[in-house]
Amino acid sequence: MYFQTWSAVWQMDGHGPYVWGAYSLTLLVIIILIAVPLVRTRDLTRAIHNDERRRAVAAEASGKNHASKT
Amino acid sequence: MWSIVHKMGSPPWFYRFANVAIAWLLPIVLMALVVGSIWGLLIAPPDYRQGNSYRIIFIHVPAAVVALAGYYVMATAGLMSLVWKIKMADTAMRALAPVGAALTFVALVTGSIWGKPTWGAWWVWDARITSMLILFFLYLGVMALSEAFDNKVAAAKACAVLSLVGTVNIPIIYKSVDWWYSLHQPASIKFTGESAIDASMLYPLLLMIVAFYGLFALTVLLRMRAELLITYSQSAWLRSELS
Amino acid sequence: MLPELGTFLRFQMQRHLQAALRRPSDIVGPLIFFLMVITLFPIGLGPDPKILASLAPGILWVVALLSSLVVSGRLFQADYEDGTLEQLALSPHPLAISAMVEVFCHWLLSGVLLALASPVFAALLSMPSQAIPVLMASLILGTLCLSLIGAVAASLTVALRRGGVLLSLLSIPLTVPVLIFGTAAVREAALGYDPSSWLALLGALAAGGCILAPLAIAAGLRISLEA
């Protein structure tokens, strides 16, 4: 490690705000880039699962109806 | 070779491929980013002229490199979609433009932040920064065009044509901006002079460039997978894949 | 019966020029726009002829670029709306060539006219007179490039309802080299240097554009017709 103390890491001889600002902004963009499609994928998968379940229930119900009529 | 291209074009195959690739890439990319950042921020020695502010290079340069390469990848996808009418190439193009624009944005903002302690100004009309800004506009154009069409197939084709036109233009734009800059700036006050970079700075930089390429591939695959879930939400293959 | 390519092109050219001449306000409009925007600069920057003269190459070229963008929005519009474009796409003559005829006519009536009128605007900004021939030459070559770029963007946006802003968004980044070479040529000439290399670069852009742009324009028009 180059720096002696943690406060030296934050300060970086006065350049700290610039360096850490640039890194935190990049981190934010990376988090958004990864999280947005992940959340979307989760929501869409959930919607498809719900739809499957609804269809299964509907198919079962119509099957029973059919059975009771005959 | 052709069988791979053929397979790539099949949505079910691509969906399975994306699942596997994302599972591998996600931990590797995050690890590389963390290691590279710690290396660049804490371990590498400071630059003798710029002090510690140069540490921004470890995100600025990788973002810029990948953003530029990303435009060529997008144009290649466009060519594949126009010539071979590969469905997945359309999806890839829609996924690529926002990721490329985000990386260009990162390169621009980190460059601007870097400029403040180095040049004393947030924005300098330097040749590279200007070229980056124009690249950002090119990405925005593709995104706006893709949004403007209701018909998704037409949108993909239009974006393919635009990105190919852009690809032909990018080298001309870069060269002309270079000349423009040297025309208005005497060569002696050049800030972005090439200098040999020491190994202690080069290795973390190379690691970060690789990590950003991985990040690019990862985010594009993530977006493409989400896109597939929308487009094929009613198809049997996707339902059996998910159950 | 199908006319020969030469006759076909002559007919197309006649049709475009006649249609344009029937509405002279569309031809004069951009010139008046140019004049008005030029007037804004001395008002905004102050009337000092030295400052104006030093900024004149940039101002003239930026305004030429803007007025070229404004008019290229109309390219292909009428032909798209009345179905002529569809007929041209179906005809055995290549769409790239018939589209180029329209771009060429458009350039004659906008860019070349602007270049011919440019000495007046240069005088308004007190530009040195030795730069005026170079200004005209650079505008003639440069507006051809701008018309081609505008035509590519117009071919992609002609089917869209709110194509206007989009067209500028698509074209402006691509016009950067034209602006750089054009202003550089005029600046060099105004300072008394030899501008020929910049004019040569503009000519190279125009020549390259004439070869490659028709392919993109034809592809764009076909996409717009299908959308």
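Refer to the structure printed above.
Throughout what follows, the structure given in this document is the object of discussion. (Residues numbered from 1 in each chain as written. Chains lettered and ligands numbered in written order. Predicted model: local features only at pLDDT ≥ 70, side-chain atom pairs only at ≥ 80, totals over all residues. Heavy atoms only, no water.)

1. As for the overall build of chain B
And step 1. For chain B, the count of helices and strands is eight helices and zero strands.
And step 2. For chain B, the α and β elements follow one another from N to C terminus as α-α-α-α-α-α-α-α.
And step 3. With the principal axes as the frame, chain B shows a C-alpha extent of 65 × 40 × 30 Å.
And step 4. In chain B, buried positions account for 54% of the 243 residues.
And step 5. Partitioning the contacts of chain B with sequence separation of at least 6, the portion at a separation of at least 24 is 78%.
And step 6. As presented, chain B carries roughly 10,800 Å² of accessible surface, and 70% of it is formed by carbon and sulfur atoms.
And step 7. Between the averaged position of the 16 positive side-chain charges in chain B and that of its 10 negative side-chain charges there is a distance of 6 Å. (Helix = DSSP H or I, 4+ residues; strand = E, 2+ residues; numbered from the N terminus. Buried < 20%, exposed > 50% of the residue type's maximum accessible area, 1.4 Å probe, protein only. Contact = heavy atoms within 4.5 Å. Areas by Shrake-Rupley, 256 points an atom, 1.4 Å probe, with all protein chains shown as cover. Lys, Arg positive; Asp, Glu negative; His and termini not counted. Charge placed at Lys NZ, Arg CZ, Asp CG, Glu CD.)

2. A short note on the interface of chain B and chain A
And step 1. Facing the 44 residues of chain B at the interface are 30 residues of chain A.
And step 2. Where chain B abuts chain A, roughly 3,300 Å² becomes buried across the two surfaces, and 76% of that area is made up of carbon and sulfur atoms.
And step 3. On inspection of chain B and its partner chain A, the count reaches two salt bridges.
And step 4. Between R239 of chain B and D51 of chain A there is a salt bridge, with the nearest N and O atoms lying 2.9 Å from each other.
And step 5. Between chain B and chain A we count four residue pairs in polar contact (both at pLDDT 80 or more) in total. (Buried area = accessible area lost by both parts, 1.4 Å probe. Salt bridge = Lys/Arg side-chain N within 4 Å of Asp/Glu carboxyl O. Polar contact = N/O pair within 3.5 Å; in protein donor to acceptor, adjacent residues only side chain to side chain.)

3. Looking at the nonpolar core
And step 1. Within the largest apolar cluster, 168 residues are counted, with the highest numbers of intra-cluster contacts made by L145 and F212 of chain B together with L60, F76, M127 and I217 of chain C.
And step 2. For this core, the element with the highest residue contribution is helix α4 (residues 87-119) of chain B, accounting for 16 residues.
And step 3. Not counting residues within four places of it along the chain, the set of residues in contact with M127 of chain C comprises A56, P57, L60, A122, I132, L135 and V186 of chain C. (Core = buried A, V, L, I, M, F, W, Y, C linked by side-chain atoms within 4.5 Å.)

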